[in-house]
Amino acid sequence: MTTQEEINLPFNEMIEPKLLRHRVVSPQLYSEIHKRSLDQGPQFWESVARELDWFKPWEKTLDDSNPPFYKWFVGGEVNASYLTVDRHANGWRRNKVALIWEGEPWSDGPKEVKKLTYLDLYREVNRVAYLLKEEYGLGRGDTVGIYLPMIPELPIFMLAAARLGVAFTVVFSGFSAQAVADRMNDAEAKLLVTADGGWRRGKVVPLKDIVDKALESTKTIRNVLVVRRTGQEVRMEKGRDRYLHEVLSKVPQNAYVEPERVKSEDPLYILYTSGTTGKPKGIVHDVGGYMTLLHATMKWAFDIRDEDVFWCTADIGWVTGHSYIVFGPLMEGATEVLYEGALDYPEPDRWVSIVERHNVSVLYTSPTAIRTFMKYGEQWITKHDVSSVRLMHSVGEPINPEAWRWFFKLVGKERIPFGSTWWMTETGGILITVTPGSYMVPMKPGTNGPPILGVAANVYNDEGKPVPEETKGYLVIERPWPGMPLTIHRDPERYVKVYWSKFPGTFYVGDYAVKDKDGYFWILGRADEVLKIAGHRIGTYELESALIQHPAVAEAAVVGVPDPVRGEVAEAFVILRGGTSVRPELKEELAKFVRENYGPIAVFREIHFVNKLPKTRSGKIMRRVVRAVATGSEVGDITTLEDEASVEEIRKALQEFKEELKRT
Ligand code: PRX
């Protein structure tokens, strides 16, 4: 933990005032301002929301008559596609570049760079919306699935769906067939949009083949639209599959589709995310509250201005990309970079060359990316000019102070703001940051900072009481905020149970955190069975389910272990089916099997074969015991009791499991 002295490190004085519009204030002053924002209640958010263009203003700021199913800006009518596209295309930004897209293929330079102005984007979004409406008959109440690489069609389809009031669900293109099928079935999507393939590290990811496999077990998909990206032959099923460029060629160039006046509390999208148990949860976000939070945080966290070139290095398949590639920056009329491929392909400095060539001024990246760059060495950065960058943030997992210092020095030149914004799929946008309003508070390496204006965050103990400063507890959000979920799709009870039941009336996040004397939060990691592998959120349960689908596996327990670059990776303990011999290649076979069936983001440090797993009397795996053994920690570290098991039983189980592991 950083000490008070470190707050006064020169870097906070060296922040170049010309680079930031925000006022740099003391944590104490910010905490006063923050308190005043909370004193206003939900009405605080009205002045932010008023800056959006509403078709019809809201009548009630917050409807809290049926908690925890809160509704924001009730009575208001709005459209996210109108806010992001029409507003700019019909105004003075029409010829401003909205997207600078760069494809991955490279020979002496990027092979493809495409710039789309707001007017271009408006035309494309309208034509696709026309297609969805006229050709496929989609409208309010319908859902489309999107499984695309990072190409302009991805935001275009999201915005076209939003225009029609059609909800969409994007599946990260690194997920496998099973994940696509599960999500399409749960969301009851009628149309799936995909591509023939996508480029990743110089290789084609065969997205259409994966879709074909997924569609063997989907129930509702009737049509598939295929974007031609990589150009290889793919199977096209007659009556079901069509190429986008072919159907689009029949749509008039100047097609216009009136944006639907959707209700503020209508669903904008469903995004699936991992939890402790069961299949991923479909988090449903609304339109009005979500867009309000994004407007606030684009201004506060990123101090976005018209002269900026914004680059968020995440994939649109995750919430970071939904909020801070698609809806946030475009709503603000920013110019942004959309990059298709791996940040270190074909060389470790690909990402720096993007910053340099496109003059990126606001950079949003992840601790795993930074640690990977660190591993390659600073020479890859220093050979480029990164002086265009004036503000940076990271997201997705805790940032270790060494990585923070390294990046702050090399890219930040020790004079620009650099923070670690905390939020999650469920929160819709950034809730904790060192730029939490039109203010900046002093940075500390590794911290997340205070909550943004209008957001009440706290740290609770097991009894649901706030813990004293510098004490570890559970991060909670004590009041509803715009951008919060509407529900879990088709499972409102689960929404109540997962988020609102541990501490009734308060949103339970699932992270451990500490609040320091300055009111800064330090998020320590997940408090549940959710892993963050390279910032990707994966449930241990999902990896266990993937493992036991292999014919050789009878039972499996997966836990997270620390990793110097990826933050965390998985370690598996597997009981093989009777009669299976432990062949030397079986471990690699299982790892490969999971990569193929779940997705390449599932990275195992080790797979152990054991004959027994530590279990409670009722047969539940004692995860803390498994984790203690995997991480080499002692019994003392497993102070919280596993349900139903006594300390003695845990001790015994730990001993036995250690011996079991030695034997195998
Ligand atoms: O554990 C926290 C971690 O990421 C989780 C949320 O993951 P996801 O829904 O995939 O969204 C990630 C991007 C918004 C949180 O519960 N997390 C996210 N940002 C940070 C973080 N942990 C520490 N510091 C962060 N800045």
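Residues numbered from 1 in each chain as written. Predicted model: local features only at pLDDT ≥ 70, side-chain atom pairs only at ≥ 80, totals over all residues. Heavy atoms only, no water.

K.L.:
Quick one: what's the story with the overall build of the protein, residue by residue and with numbers?
P.N.:
Check the secondary structure of the protein and you find 21 helices and 32 strands. In terms of C-alpha radius of gyration, the protein reaches 24 Å, essentially the compact-globule figure of 26 Å for 664 residues. Relative to its 664 residues, the protein shows a buried fraction of 62%. Each charge class in the protein was averaged separately, 85 positive and 91 negative side chains, and the resulting centres sit 1 Å apart. (Helix = DSSP H or I, 4+ residues; strand = E, 2+ residues; numbered from the N terminus. Rg over C-alpha atoms; globule rule 2.2 N^0.38 Å. Buried < 20%, exposed > 50% of the residue type's maximum accessible area, 1.4 Å probe, protein only. Lys, Arg positive; Asp, Glu negative; His and termini not counted. Charge placed at Lys NZ, Arg CZ, Asp CG, Glu CD.)

K.L.:
I'd like a rundown of the pattern of salt bridges, residues and numbers included.
P.N.:
For the structure shown, the criterion picks out 54 salt bridges. A salt bridge links Arg140 to Glu260; the nearest nitrogen and oxygen atoms lie 3.1 Å apart. Separated by 120 residues along the polypeptide, Arg140 in the loop between helix 6 (118-135) and strand 7 (143-147) and Glu260 in the loop between helix 10 (244-248) and strand 14 (262-263) bring together distant segments of the chain. With relative accessibility at 42%, the residue Arg140 sits in the partly exposed group. Here Asp266 ties to Arg140 by a salt bridge, and the two come within 3.1 Å at their closest N and O atoms. Of this pair, Asp266 sits in the loop between strand 14 and strand 15 (267-273) while Arg140 is found in the loop between helix 6 and strand 7, placing the two residues 126 residues apart along the sequence. Exposure remark for Asp266: the relative accessible area of 15% places this residue in the buried category. Several salt bridges share partner residues, and in doing so they unite Lys208, Asp212, Arg235, Glu237, Arg240 and Asp241 into one network. (Salt bridge = Lys/Arg side-chain N within 4 Å of Asp/Glu carboxyl O.)

K.L.:
Hey, could you go over the pairing of strand 32 (residues 604-609) for me, with residue numbers and the actual values?
P.N.:
Of the pairings in the sheet, the one linking strand 31 (residues 567-576) to strand 32 comprises 5 bridges and is parallel in character. Considered in strand 32, the bridge of Glu571 is made with Glu606. For the segment spanning strand 31, helix 19 (residues 586-597) and strand 32, crossover handedness is right-handed. (Pairing = 2+ DSSP bridges. Right-handed = clockwise from strand over helix to strand, strands pointing away.)

K.L.:
Residues and numbers for helix 8 (residues 177-187), please.
P.N.:
Within helix 8, 8 of the 11 residues are buried, leaving the element largely enclosed by the surrounding structure. Of all the positions in helix 8, only Ala177, Ala179, Val180, Ala181, Arg183, Met184, Asn185 and Ala187 are classed as buried. Buried residues along helix 8 sit in contact with strand 7, strand 8 (167-170), strand 9 (191-195), helix 9 (207-214) and strand 15. Looking one or two residues past helix 8, Glu188 carries a phi angle of roughly 55°, positive in sign. (Contact = heavy atoms within 4.5 Å.)

K.L.:
Please set out the sheet that holds strand 5 (residues 97-102) residue by residue, giving values where relevant.
P.N.:
Taken in spatial order, the 7 strands line up as 6-5-18-17-19-20-21 in an open sheet, and their pairing is mixed. Both edges of this open sheet fall to strand 6 (113-117) and strand 21 (418-420), since each of them pairs with a single strand only. Neighbour-to-neighbour, the strand axes of the sheet open up by a mean angle of 15°, direction not taken into account. Across 3 bridges, the pairing between strand 17 (residues 309-312) and strand 19 (residues 362-365) is parallel. Its bridge partner being in strand 19, Cys312 is matched across the sheet by Tyr364. (Axes fitted to C-alpha atoms, helices over the stretch in contact; angles between N-to-C directions.)

K.L.:
Tell me what's going on with the packing of helix 5 (residues 80-89) against helix 12 (residues 319-331), and back it up with residues and numbers.
P.N.:
Orientation of helix 5 relative to helix 12, taken along the N-to-C sense of each, is 50°, at an axis distance of 8 Å. One way to sum up the angle between helix 5 and helix 12 is to call them oblique. Like other packed secondary-structure pairs, helix 5 and helix 12 cross with a definite hand, here left-handed. The segment helix 5 lies against helix 12, with Ala80, Leu83, Thr84, Arg87 and His88 engaging Val326, Phe327, Leu330 and Met331. (Parallel < 35°, antiparallel > 145°, perpendicular 65-115°, else oblique. Left-handed = near helix turned anticlockwise from the far one by under 90°.)

K.L.:
How would you explain the packing of aromatic side chains if you had to name every residue and give the values?
P.N.:
A complete count under the given rule lists 42 aromatic pairs for this structure. Taking the centre distance of 5.2 Å and the plane angle of 80° together, the rings of Phe44 and Trp45 count as edge-to-face. Trp45 shares its class with Phe44; the two are buried. Through pairs of rings, three or more aromatic residues link up here, namely Phe69, Tyr70, Trp481, Tyr495, Tyr499, Trp500 and Phe507. Between Arg183 and the ring centre of Phe175, over which it is positioned, the NZ or CZ distance is 4.7 Å. (Phe/Tyr/Trp six-rings, centres within 6.5 Å; stacked < 30°, edge-to-face > 60°. Lys NZ or Arg CZ within 6 Å of the ring centre and 35° of its normal.)

K.L.:
I'd love a proper account of the site of the ligand, names of residues and values included.
P.N.:
Around the ligand there are 18 residues in total, and Thr425, Asp511, Arg526, Lys532 and Arg537 lie nearest to it. Here an oxygen atom of the ligand sits 2.7 Å away from a polar atom, N or O, in the side chain of Asp511. The side chain of Lys532 places a nitrogen or oxygen atom 2.6 Å from an oxygen atom of the ligand. Within the residue set of the shell around the ligand, elements represented by two or more residues are helix 12 and strand 27 (521-526). Its residues assigned to classes, the shell around the ligand comprises 7 nonpolar, 6 polar and 5 charged. (Near = heavy atom within 4 Å. Polar contact = N/O pair within 3.5 Å; in protein donor to acceptor, adjacent residues only side chain to side chain. Nonpolar A, V, L, I, M, F, W, Y, C, P; charged D, E, K, R; others polar.)

K.L.:
Before we move on, can you summarise the environment of Val205 with the specific residues and values?
P.N.:
For Val205, the position within the fold is in strand 11 (residues 203-205). Note: C-alpha distance between Val205 and Tyr272 (67 residues apart in sequence) is 21 Å. Setting aside its immediate chain neighbours within four residues, Val205 contacts Ser173, Asp196, Gly197, Gly198, Arg200 and Ile210.

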